[in-house]
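# Close look at the chain arrangement
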Amino acid sequence: MYRWQVMNRIAEQRVIGIVRADEAGAAVDAAGSLVGAGLRIVEVAFTTPGTTDAIRELARPAHADALIGAGTVLDAASARLAILAGARFLVSPHVDLQVIAAGHRYDVPVLPGAHTVTEIVAAMEAGADAVKLFPASIGGPAGLRDLRGPLPHVPFIPTGGVTIADAPDYIAAGAVAVGLGSALTKGTAAETADRARALLEALREAAL
């Protein structure tokens, strides 16, 4: 799958589920709950011990309809390990030229984090496939709308403090997609699945 195809899938679903866990098995279970509920684009954060093991497990044929990515990718070494484990996209909390170069070397899209106009422009000039607006909660949907005034060409993916309730507002403000972590995955597997289904339904209604 090419970079543009991955980005199309993200734009079509409009949400990336973010998984952080205490160990790889718990990450696999949480991601499995999201995928089973229909949320098929999932990022496993490198703050999870055994992240590459979790990605490798989730990239198996049993999850062939899912796109698994790596999050909190801080350096090129982590980027390469994630890609070799099967990650189809990389997300960083910052702009790192080497991470972007490593992803693109393998035709894997990279979504670096940025917040100010200077950071966002730097991310785009460095080759970002989309910009993770982080933390999104500082400005909220109104802040995203303000940023899109001078930067209408930037594909934004707000992350950090986004909730099921306000996710449609970010889409309405011009976001390509949103990223949600604990707002989805806290609690039991059944609760995670229920929240994922509710979010997907809310985003579908927002598109009408």
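Here is a short report on the structure shown in this document. (Residues numbered from 1 in each chain as written. Predicted model: local features only at pLDDT ≥ 70, side-chain atom pairs only at ≥ 80, totals over all residues. Heavy atoms only, no water.)

## Comments concerning unusual backbone geometry
Operational definition: Each helix corresponds to a stretch of at least 4 residues labelled H or I by DSSP, and each strand to a stretch of at least 2 residues labelled E; elements are numbered beginning at the N terminus. Classification of residues uses two cut-offs on accessible area relative to the type maximum, computed with a 1.4 Å probe and protein chains only: under 20% is buried, over 50% is exposed, and between them is partly exposed.
With an omega of -10°, the peptide bond running from F134 to P135 counts as cis. Mapping P135 onto the fold places it in the loop between β7 (131-133) and α7 (140-148). Phi at T72 is positive, roughly 50°, even though this residue is not glycine. By secondary structure assignment, the location of T72 is in the loop between β3 (67-71) and α4 (76-85). Among the residues examined, T72 registers a relative accessible area of 16% and is labelled buried. Despite not being glycine, D107 has its phi angle at roughly 60°, a positive value.

## Observations concerning the side chain of S33
In plain terms, the rule: For this analysis, residues touch if any pair of their heavy atoms sits within 4.5 Å.
The topology assignment puts S33 in helix α2 (residues 24-36). Not counting chain neighbours up to four residues away, the residues in contact with S33 comprise A189, T192 and A193.

## Some remarks on the pairing of strand β1 (residues 15-19)
Definition in use: For two strands to pair, DSSP has to find at least two bridges joining them. Viewed with both strands pointing away, a crossover whose connecting path from the first strand over the helix to the second turns clockwise is right-handed.
Here β1 lies mainly inside the structure; 5 of its 5 residues are buried. Examined bridge by bridge, β1 and strand β2 (residues 41-45) share 3 bridges and lie parallel to one another. Bridge pairing in β2 links I18 to E43. Handedness of the crossover joining β1 and β2 through α2: right-handed.

## Some details on the nonpolar core
Basically, it comes down to this: Put simply, buried Ala, Val, Leu, Ile, Met, Phe, Trp, Tyr and Cys residues joined by side-chain atoms within 4.5 Å make one nonpolar core.
Counting residues in each nonpolar core, the largest one holds 58 residues, and the members touching the most others are L39, L90, I120 and F156. Core analysis: the next-biggest nonpolar cluster, separate from the first, contains 12 residues, V6, I10, F89 and A130 among them.

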